[in-house]
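Given next are the chains, with one letter for each unit.
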Amino acid sequence: MSNTKTKMFIKREIVKLRKKLRILKEEQKIFYEMASRFTNKISNHNNDIIVYENRITHLLNEDEYNLA
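Let me begin by describing the structure that accompanies this report.

## Overview of the overall build of the protein chain
In terms of helices and strands, the protein chain carries 1 helix and 0 strands. Its C-alpha atoms give the protein chain a radius of gyration of 29 Å, more than 25% over the compact-globule value 11 Å for 68 residues. Counting only C-alpha atoms and orienting by the principal axes, one finds that the protein chain spans roughly 100 × 10 × 5 Å. A total of 68 residues make up the protein chain; the buried ones form 0% of that total. Split by element, the accessible area of the protein chain, about 7,000 Å² in all, is 61% carbon and sulfur. Distance from the positive charge centre (14 side chains) to the negative charge centre (9 side chains) of the protein chain: 33 Å.

Structure representation (structure tokens):
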């Protein structure tokens, strides 16, 4: 009797753990997707910053050239 109870307990625990594992894997997938989007946004912002800094530098150089 105790052997079957132990087997049933183990089966229930396996089912619970598999469910938890499935949920954690789904959450991990979501976090990876969010991280990827965030990384893309950071990259886009860095590119925009570089473009604006280059424009400022160009305008400052042009202003200095025209004043000379």
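There is more to say after this.
## Looking at the pattern of salt bridges
Enumeration over the complete set of coordinates arrives at 2 salt bridges. For Glu13, the salt bridge identified is with Lys16, shortest N-O distance 3.6 Å. Residue Glu13 and its partner Lys16 are both found in helix α1 (residues 2–67); the two are separated by 3 residues, about one turn of the helix. Judged by relative accessible area, Lys16 falls into the partly exposed class, the value being 48%. Of the charged contacts in the structure, one is a salt bridge between Glu33 and Arg37, with a shortest N-O distance of 4.0 Å. You can see Glu33 and its partner Arg37 sitting in helix α1, 4 residues apart, about one turn around the helix. The exposure class of Arg37 is exposed, given its relative accessible area of 53%.

## Details of the environment of His45
For His45, the position within the fold is in helix α1. Taking the relative accessible area as the measure of exposure, His45 reaches 51% and is therefore exposed. Here the alpha-carbon distance between His45 and Asn61, two residues 16 residues apart in the chain, equals 24 Å.

## Describing a nonpolar patch on the surface
A cluster of nonpolar side chains, namely Phe9, Ile10 and Ile14, defines an oily patch on the protein surface of about 260 Å² accessible area. Within the fold, Ile10 resides in helix α1.

## Some details on the environment of Asp63
Along the chain, Asp63 turns up in helix α1. On the basis of relative accessibility, which here comes to 43%, the residue Asp63 falls in the partly exposed class. In this structure, the C-alpha to C-alpha distance between Asp63 and Lys41, residues 22 residues apart in sequence, is 33 Å.

Here is what the cut-offs are and how they apply
Residues numbered from 1 in each chain as written. Predicted model: local features only at pLDDT ≥ 70, side-chain atom pairs only at ≥ 80, totals over all residues. Heavy atoms only, no water. Helix = DSSP H or I, 4+ residues; strand = E, 2+ residues; numbered from the N terminus. Rg over C-alpha atoms; globule rule 2.2 N^0.38 Å. Buried < 20%, exposed > 50% of the residue type's maximum accessible area, 1.4 Å probe, protein only. Areas by Shrake-Rupley, 256 points an atom, 1.4 Å probe, with all protein chains shown as cover. Lys, Arg positive; Asp, Glu negative; His and termini not counted. Charge placed at Lys NZ, Arg CZ, Asp CG, Glu CD. Salt bridge = Lys/Arg side-chain N within 4 Å of Asp/Glu carboxyl O. Patch = residues over 30% accessible without salt bridge, like charges linked within 9 Å, V, L, I, M, F, W, Y side chains within 5 Å.

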